[in-house]
Amino acid sequence: MLVAAGLHKTYGATPALAGASVTVAAGEMLAVMGPSGSGKSTLLHCLAGIVRPDSGEVRYRGRSLSELSDAERSALRRGAFGFVFQFGQLVPELTCRENVALPLRLDRTGRREAERRADEWLARLEVAELADKRPGEISGGQGQRVAVARALVTEPRVVFADEPTGALDSLNGERVMRLLSRAARDSGAAVVLVTHEARVAAYADREVVVRDGRTRDLEPVR
Ligand code: ADP
Ligand code: ADP
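Residues numbered from 1 in each chain as written. Chains lettered and ligands numbered in written order. Predicted model: local features only at pLDDT ≥ 70, side-chain atom pairs only at ≥ 80, totals over all residues. Heavy atoms only, no water.

An unreviewed UniProt entry annotates the protein as ABC transporter ATP-binding protein of Micromonospora zhanjiangensis.

Here it is in structure tokens:
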């Protein structure tokens, strides 16, 4: 579904990717592992069409991202792709329900329908009771579960998760991963999970290791 081949990317004199290739199959969770600074985030950003590689190619459902117009690429990011970051990046002025409904509202879904679907996703992430609270009133782990609900509410085909548990203790991290993997499986979304923690990567179907901007495939985790 998503295929990257021979990606190179240099920031000034700093090589971030030096020949990275990955394949993401529909519905699978792929963990991208590797030490800090190895190029994991840059790889994720290239896969998601946020960063343009200097060379190499990313194809989504057979179409090269570089062949798409800016408008088509951003439509892809809003529709087929969902994002979860290390820090939830919820809008502080909005309630959790409104945060989760936001991607639907931006896509012109009516308020009632958007909030109904937001409530459904909050329930799936086991944070239904937080619907009327604002991000400042909830914990980091709860915030990440709301962020996962927001990433999935549009029913994306690929969720990009960059260290989604990086700011959480291990108990809350496990909880977010359990809920994220279940929710993605239920909705058939593939997940590209960037992490440096083996315990987090253990939730994935497969892992790829990035070292000095190069990828190396490993055997299936399980
Ligand atoms: P990781 O996610 O594995 O920590 P990154 O992809 O963030 O690795 O970074 C890979 C290399 O590219 C690092 O040396 C980093 O400092 C550099 N880098 C990443 N993004 C930028 C940027 N926007 N500007 C300059 N250098 C960057
Ligand atoms: P800059 O103009 O500073 O080089 P970018 O490299 O982010 O900025 O983007 C340059 C152009 O490439 C923009 O039109 C952007 O939309 C597009 N672009 C971004 N990501 C990709 C990608 N993965 N493949 C092809 N084009 C991309």
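A.B. asks: Sorry, what's going on with the site of ligand 2 here?
C.D. replies: Near ligand 2 you find Cys46, Gly49, Ile50, Val51, Arg52, Pro53, Leu65, Ser66, Asp70 and Arg73, and these make up its full shell. In this structure, Gly49 approaches ligand 2 through a main-chain N or O atom, which is 3.1 Å from a nitrogen atom. In this structure, an oxygen atom belonging to ligand 2 sits 2.9 Å away from a side-chain N or O atom of Asp70. Starting from 550 Å² of accessible surface for ligand 2 in isolation, the protein chains cover 58%. Classifying every residue of the shell around ligand 2 gives five nonpolar, two polar and three charged. (Near = heavy atom within 4 Å. Polar contact = N/O pair within 3.5 Å; in protein donor to acceptor, adjacent residues only side chain to side chain. Areas by Shrake-Rupley, 256 points an atom, 1.4 Å probe, with all protein chains shown as cover. Nonpolar A, V, L, I, M, F, W, Y, C, P; charged D, E, K, R; others polar.)

A.B. asks: I tried to follow the pattern of salt bridges on my own but got confused; where do I start?
C.D. replies: Oppositely charged side chains may form a pair once their charged atoms are brought near each other. A complete count under the given rule lists 14 salt bridges for this structure. Glu113 is the partner of Arg116 in a salt bridge, and the nearest nitrogen-oxygen pair spans 3.0 Å. Of this pair, Arg116 and Glu113 are both found in helix H4 (residues 111–124), three residues apart, which corresponds to roughly one turn of the helix. According to the relative accessible area criterion, Arg116 is partly exposed, its value standing at 43%. What emerges from the salt-bridge pattern is a single network uniting Glu113, Arg116, Glu120 and Arg124. (Salt bridge = Lys/Arg side-chain N within 4 Å of Asp/Glu carboxyl O. Helix = DSSP H or I, 4+ residues; strand = E, 2+ residues; numbered from the N terminus. Buried < 20%, exposed > 50% of the residue type's maximum accessible area, 1.4 Å probe, protein only.)

A.B. asks: Quick question: what am I supposed to make of the site of ligand 1 here?
C.D. replies: With respect to spatial proximity, the complete set of residues near ligand 1 consists of Tyr11, Thr14, Ala16, Pro35, Ser36, Gly37, Ser38, Gly39, Lys40, Ser41 and Thr42. Interatomic distance of 2.7 Å between a backbone N/O atom of Gly37 and an oxygen atom of ligand 1. In isolation ligand 1 offers 560 Å² of accessible surface; the protein chains occlude 58% of this area. If you list the elements that add at least two residues to the shell around ligand 1, you get strand S2 (14–24) and helix H1 (40–47). Its residues assigned to classes, the shell around ligand 1 shows three nonpolar, seven polar and one charged.

A.B. asks: Whenever I open this one, the packing of helix H3 (residues 96–106) against helix H5 (residues 140–152) confuses me. Can you help?
C.D. replies: Helices that pack against each other are described as a pair by the angle of their axes relative to one another and the distance between those axes. Between H3 and H5, the shortest axis-to-axis distance is 7 Å and the interhelical angle comes to 30°. Relative to H5, the element H3 lies roughly parallel. The element H3 and its partner H5 pack so that their crossing is right-handed. Counted together, Cys96, Asn99, Val100 and Pro103 of H3 and Val146, Ala149 and Arg150 of H5 form the full contact between these two elements. Of the residues in the contact of H3 with H5, the class split is five nonpolar, one polar and one charged. (Axes fitted to C-alpha atoms, helices over the stretch in contact; angles between N-to-C directions. Parallel < 35°, antiparallel > 145°, perpendicular 65-115°, else oblique. Left-handed = near helix turned anticlockwise from the far one by under 90°. Contact = heavy atoms within 4.5 Å.)

A.B. asks: For this particular structure, what's the right way to read the packing of aromatic side chains?
C.D. replies: Each aromatic ring pair is described using two quantities: the centre-to-centre distance and the angle formed by the ring planes. Throughout the structure, instances matching the rule amount to four aromatic pairs. Aromatic pair Phe81 and Phe160: ring centres 5.0 Å apart, planes at 80°, arrangement edge-to-face. Here the residue Phe81 occupies a position in strand S6 (residues 81–84), and Phe160 occupies one in strand S7 (residues 158–162), the gap between them amounting to 79 residues. Ring centres of Phe83 and Phe160 lie 5.4 Å apart, and the angle between their planes is 20°; on these two criteria the pair is classed as stacked. A residue pair is termed long-range when its members are at least 10 positions apart, and Phe83 in strand S6 and Phe160 in strand S7 qualify at 77 residues. Phe83 sits in the buried class, given a relative accessible area of 17%. On the accessibility criterion, Phe160 (1% relative accessible area) is buried. Among the aromatic residues, ring-to-ring pairing joins Tyr60, Phe81, Phe83, Phe85 and Phe160 into one connected group. (Phe/Tyr/Trp six-rings, centres within 6.5 Å; stacked < 30°, edge-to-face > 60°.)

A.B. asks: Any chance you could explain unusual backbone geometry here in plain terms?
C.D. replies: Where the residue is not glycine, phi is negative for most of them; where a peptide bond is considered, it is trans in most cases. The backbone of Arg61 shows a phi angle near 45°, a positive value even though the residue is not glycine. Counting through the fold element by element, Arg61 comes out in the loop between strand S4 (55–60) and strand S5 (63–64). Although it is not a glycine, Glu163 adopts a positive phi angle of roughly 50°. By the secondary structure assignment, Glu163 is in the loop between S7 and helix H6 (170–187). On the basis of relative accessibility, which here comes to 10%, the residue Glu163 falls in the buried class.

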